[in-house]
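# Reading the structure
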Amino acid sequence: MITKEVIDNIYKQCKSRPSSPDTLDLKLLFQYAIVNHSIFVDDSNLVIDSVSPDSPFHSIPLDNIHDILEFENAIAVVLHSSIIFLSKHDDAVHVHLRMQKPSLLDRAKDKMRRH
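Bear in mind the structure is a predicted one, so any value in this text is a computation, not a measurement.

Spatially, 4-5-6-7 is the arrangement adopted by the four strands of the open sheet, whose pairing is antiparallel. The open sheet has two edge strands, strand 4 (67–70) and strand 7 (93–97), and neither has a second partner. Looking at each pair of strands side by side, their axes are set apart by 20 degrees on average, direction ignored. Helix 1 (residues 4–13) rests against strand 4, strand 5 (74–78), strand 6 (82–87) and strand 7 of the sheet, and its axis sits at about 120 degrees to strand 6.

What follows concerns the pairing of strand 6. Of all six residues making up strand 6, six are buried, and the element is well covered by its neighbours. Residue alternation in strand 6 divides its side chains into two sets, S82, I84 and L86 and I83, F85 and S87, and both sets are buried. One ladder, built from five bridges, connects strand 5 with strand 6; its direction is antiparallel. The residue of strand 6 that forms the bridge with V78 is I83.

Attention now moves to the packing of aromatic side chains. Given two aromatic rings, their pairing is described by the distance between the two centres and the angle made by the two planes. Evaluated as defined, the whole model comprises one aromatic pair. If you follow K88 out to its NZ or CZ, it ends over the ring of Y32, 4.2 Å from the centre. Above the ring of Y11, the side-chain terminus of R98 is found at 4.4 Å from the ring centroid.

This part takes up the side chain of S82. Note on placement: S82 falls in strand 6. Among the residues examined, S82 registers a relative accessible area of 6% and is labelled buried. With residues near it in sequence (within four places) discarded, S82 still touches Y11, F57, V77, H96 and L97.

Most peptide bonds adopt trans geometry, and most residues besides glycine take a negative phi value. The phi dihedral of S38 falls on the positive side, at around 45 degrees, and the residue is not glycine. Mapping S38 onto the fold places it in the loop between helix 3 (34–37) and strand 1 (39–42). Of note, D43 is a non-glycine position whose phi angle comes to about 55 degrees, a positive value. With respect to the helices and strands, the residue D43 is situated in the loop between strand 1 and strand 2 (45–48).

What counts and how
Residue numbers here run from 1 along each chain, matching the order of that chain's written sequence. Only residues with pLDDT of at least 70 get local features here, since the model is predicted, and only at 80 or more are side-chain atom pairs given and counted; chain-wide, interface and lining totals rely on the full set of residues. Remark: hydrogens and water are excluded; side-chain values derive from all non-hydrogen atoms of the structure. Being paired, for any two strands, means DSSP has found at least two bridges between them. Every helix listed is a DSSP run of H or I at least four residues long, and every strand listed is a run of E at least two residues long, numbered separately from the N terminus. Angles shown run from 0 to 180 degrees and are taken between the N-to-C directions of axes, each axis being a line fitted to C-alpha atoms and, for helices, limited to the stretch in contact. For this analysis, residues touch if any pair of their heavy atoms sits within 4.5 Å. Accessibility here uses a 1.4 Å probe with only protein chains present; expressed as a share of the type maximum, an area under 20% marks a residue as buried, one over 50% as exposed, and anything in between as partly exposed. Ring geometry is summarised as follows: Phe, Tyr and Trp rings, the Trp one being its six-membered ring, pair when their centres sit within 6.5 Å, and such pairs are stacked at plane angles under 30 degrees, edge-to-face over 60 and tilted between the two. Geometrically, a charge over a ring is one whose NZ (Lys) or CZ (Arg) sits within 6 Å of the ring centre while staying within 35 degrees of the ring normal.

This is the structure:
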């Protein structure tokens, strides 16, 4: 089961992109997600057809992918501030967006506005 702690760990472990997209484990995607999600690599983008073409997650530059991980029921495509979970069993797609905490300067400005 993918919990908040698991998601936090993914972000901690996958902070940076690999030196080359060639080192990504794309075979996981093609092994488990090609049938349900109609994925393919076009030029240097990963295209996920089970995601609406209007979505920013429909076509992802391979250079932006930090890692590809396997879980019991899903494959995770890890980006800098989001994770796309592709179900292994159907065409369900879940996206986790990491919300950035306000910086110290932003908090100080907010506090000054309130006074």
